[in-house]
Amino acid sequence: MAARNNGDGLVVALGLSLWTLLGLQVLIGVLLSTQYSSAIGEAHGSVAAIGRGGFWGFLAGFHYWGSAVTILLAGLNLAVLLWYGRNGWDSRWLWWGAIGIAVIAVMFQMTGNLLPGSAHDVRTAFKEASIASAAPVMGRQLFEATLGGIEVGQSTFDRWYFAHRFAASALLILLAIPCLRAALRLRVSGLWRWAPVAVIVVGAALAVGYGAPHGPTAGAEDFASQAVKPMWYVLPMHALLNISLSVNPSLSWVGAMLLPALGFGSFALVPLLWRKGLPAVFGRLALLAGTAMMVFAVLTYGQQLQSPFSETAMAEGDAEPAGDFGQIDTALAKVGREEFLEAGCLGCHSVGGEGLAVTGPNLGHVGDEHQDPDWFVEKLRDPASKSPGTTMPSFADLGDEKLRALAEYLRSLRASDEPAP
Ligand code: HEC
């Protein structure tokens, strides 16, 4: 039977491709897990060994790129269903399946990203947990539950590996049953059915061409650091995060968590509220708004993103040449300390055992990382100059004198020395 004008062909092509790809990914994941160790001292080395083997290296590459392709197809799938208004009661399992797959694909991606244990992976995990920590009431609990502690450690690997292997897979299997039944009821012409093959060829080509990038192993300085470029798949959340931060620094959770959850949640209600599906105008308007938002996000934040092709680049300005910047001026550092309390830095940072905030890193040893006062002044004036995409606000308004004092206080915070009074 020929495809009717309600998008059956595309819908089936995308659905079949997504389920085939995810099924394949689960299989490859099971294979890779036989070579992988989630022990924190072994994870990075085991992934490096996998990457060296021709066959295993190809599987790792496919696992990496297949995940990217899945997320992109899941977005396209939602867009197509919106366009054709396939979100009424009759199409509910196509629609709920599309939402579920998008959420599960991102869950696989985010949890899997930590497993190779590179510096970039570990910092990304800490950053994600820190964003969750800004949520009201439950923030601190959420932060510690996702990490299994207050920084990335063995329990983080245990938890995320469990979520990756079992929790995400279980959700996928639950979702598969009603969705595949719904998809198999649609009859379409032959050509569309080849879509899964095309998708697999694309994934395989990316795997052969680029492999799975594997950056340097995480060191002590990475386990509680947020200085990292965001990954491409969090771009929409990254944009919402920055917009809500510009309204008010304490609202980061609204953009990064509340709005995405509300968006997907209200999407899921559509078949219950509109038996015949979202009126075509609404659906296409929503699609237009979503597309405009993506274009805006790419144009505004695109250049801050971590490239998916390599994993060497940490946040820029992370390293600084060693040099002698002289003794700490304790009187100036003391003024800086007052300023530190006044400016509200403790709202986001703790210092050693002082303060509970986890949005920014603990600054207790920041003087061991940087001694150049200019570095601190520039950091406070334009935080993104040292860490693209950072959520830390600029303190340029304080003026040079106060920034110099703050810088002196910050460089006095060393593990080796007594901190300034
Ligand atoms: C709204 C939250 C927020 C506030 C308020 C804030 N920061 Fe930050 N800060 C961050 C985040 C997030 C980072 C990590 C990313 C980065 O390096 O920019 C950070 C990073 C830093 C770093 C770099 C740490 C490193 O190890 O590289 C320094 C230094 C710093 N902040 C100092 C301050 C000072 C001083 C104040 C007050 C004047 C302050 N921050 C206020 C969120 C905040």
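Residue positions are counted from 1 within each chain, in the order its sequence is given. Given that this is a predicted model, residues contribute local features only at a pLDDT of at least 70 and side-chain atom pairs are listed and counted only at 80 or more, while totals for whole chains, interfaces and linings are drawn from all residues. To get the side-chain values, take all heavy atoms of the structure and skip hydrogens and water.

*Asks:* Please explain the site of the ligand as it appears in this structure.
*Replies:* Every one of the 24 residues lining the ligand counts as a neighbour, but Cys345, Cys348, His349, Lys379 and Met392 are closest to it. A distance of 2.7 Å separates a nitrogen atom of the ligand from a polar side-chain atom of His349. Within the side chain of Lys379, one N or O atom sits 2.4 Å away from an oxygen atom of the ligand. Taken together, the elements giving at least two residues each to the shell around the ligand come down to helix H13 (366-369) and helix H14 (373-381). A total of 4 residues in the shell around the ligand trace back to one element, the largest contributor, which is H14. Throughout, the ten residues Ala, Val, Leu, Ile, Met, Phe, Trp, Tyr, Cys and Pro are labelled nonpolar, Asp, Glu, Lys and Arg are labelled charged, and all others, Gly among them, are labelled polar. Residue composition of the shell around the ligand, by class: 15 nonpolar, 7 polar and 2 charged. When we say a residue is near a molecule or strand, we mean one of its heavy atoms is within 4 Å of it. Here a polar contact is taken to be a pair of N or O atoms separated by no more than 3.5 Å, where protein atoms must pair a possible hydrogen donor with a possible acceptor and residues adjacent in sequence count only if both atoms sit in side chains. Strands are runs of DSSP state E lasting at least two residues, helices are runs of H or I lasting at least four, and both sets are numbered from the N terminus onward.

*Asks:* Can you walk me through the packing of helix H1 (residues 8-33) against helix H4 (residues 92-114) in this structure?
*Replies:* Two quantities define a packed helix pair, namely the angle between the helix axes and the distance between the axes. Direction vectors running N to C along H1 and H4 enclose 35°, while the axes themselves pass 12 Å from each other. As H1 runs across H4, the sense of the crossing is left-handed. Contacts between H1 and H4 involve Val11, Leu18, Trp19 and Leu22 from the first element and Leu94, Ile101 and Phe108 from the second. The angle between two axes is taken between their N-to-C directions and runs from 0 to 180 degrees, where each axis is a line fitted to C-alpha atoms and a helix contributes only its stretch in contact. What makes a crossing left-handed is the near helix being turned counterclockwise from the far one by less than a right angle; a clockwise turn instead makes it right-handed. A contact between two residues is defined here by any heavy atoms of the two lying within 4.5 Å.

*Asks:* Can you walk me through the pattern of salt bridges in this structure?
*Replies:* Where side chains of opposite charge bring their charged atoms close, a pairing between them can arise. We define a salt bridge as a side-chain nitrogen of Lys or Arg found within 4 Å of a carboxyl oxygen belonging to Asp or Glu. Scanning all chains against the criterion turns up 7 salt bridges. Asp400 is the partner of Arg381 in a salt bridge, and the nearest nitrogen-oxygen pair spans 2.7 Å. One end of the pair, Arg381, is in helix H14; the other, Asp400, is in helix H15 (residues 400-411), with 19 residues separating them in the sequence. Linking Arg411 and Glu408 is a salt bridge whose minimum nitrogen-to-oxygen distance equals 3.0 Å. Placement of both Arg411 and Glu408 in helix H15 is noted, with a separation of 3 residues, approximately one turn of the helix.

*Asks:* Looking at this model, I keep getting lost on the packing of helix H3 (residues 54-83) against helix H8 (residues 195-210). Mind explaining?
*Replies:* Where H3 contacts H8, the axes come no closer than 8 Å and their chain directions differ by 130°. Between H3 and H8, the interaxial angle falls into the category oblique. Between H3 and H8 lies a crossing whose hand is right-handed. Residue-level inspection shows Phe58, Gly61, Phe62, Trp65, Val69 and Leu73 of H3 in contact with H8, the latter providing Val199, Ile200, Gly203, Ala204, Leu206, Ala207, Val208 and Tyr210. Among the residues forming the contact of H3 with H8, the class breakdown is 12 nonpolar, 2 polar and no charged. Throughout, the term roughly parallel applies to angles under 35 degrees, roughly antiparallel to angles over 145, roughly perpendicular to angles from 65 to 115, and oblique to all others.

*Asks:* Is there a simple way to think about helix H2 (residues 43-52) in this case?
*Replies:* Turn by turn, an α-helix covers 3.6 residues, leaving residues three or four places apart pointing in a common direction. Taken together, the buried positions of H2 are occupied by Ala43, His44, Ser46, Val47 and Ile50. Buried residues along H2 cover an arc of 165° about the axis, so they all sit on one side. Exposed residues in this analysis have more than 50% of their type's maximum accessible area, buried residues have under 20%, and partly exposed residues fall in between, with area computed by a 1.4 Å probe over protein chains only. For this quantity, the arc is that covered by the directions from the helix axis to the C-beta atoms.

*Asks:* I keep staring at the domain arrangement of the protein and nothing clicks. Help me out?
*Replies:* By convention, interface size is frequently given as the accessible area that disappears when the constituent parts associate. In terms of domains, the protein is made up of domain 1 (8-304) and domain 2 (330-411). Boundaries of every domain are those given by an automatic assignment or by a domain database. Centre-to-centre, using C-alpha coordinates, domain 1 lies 34 Å away from domain 2. If you look at the interface, domain 1 gives 15 residues, while domain 2 gives 10 residues. Take the accessible area each of two parts loses on contact, using a 1.4 Å probe, and add the two losses: that sum is the buried area. Buried surface at the junction of domain 1 and domain 2, summed over both partners, amounts to about 1,100 Å²; 57% is from carbon and sulfur atoms. When the buried surface of domain 1 facing domain 2 is broken down by residue, Arg140, Gln226 and Gln304 rank first, second and third, together holding 33% of it. At the junction of domain 1 with domain 2, the criterion picks out 0 salt bridges. Summed over the shared surface of domain 1 and domain 2, the number is 0 residue pairs in polar contact (both at pLDDT 80 or more). Elements supplying a minimum of two residues to the side of domain 1 that touches domain 2: helix H5 (119-133), helix H6 (139-147) and helix H9 (235-247). No other element matches the 4 residues that H9 contributes to the side of domain 1 that touches domain 2.

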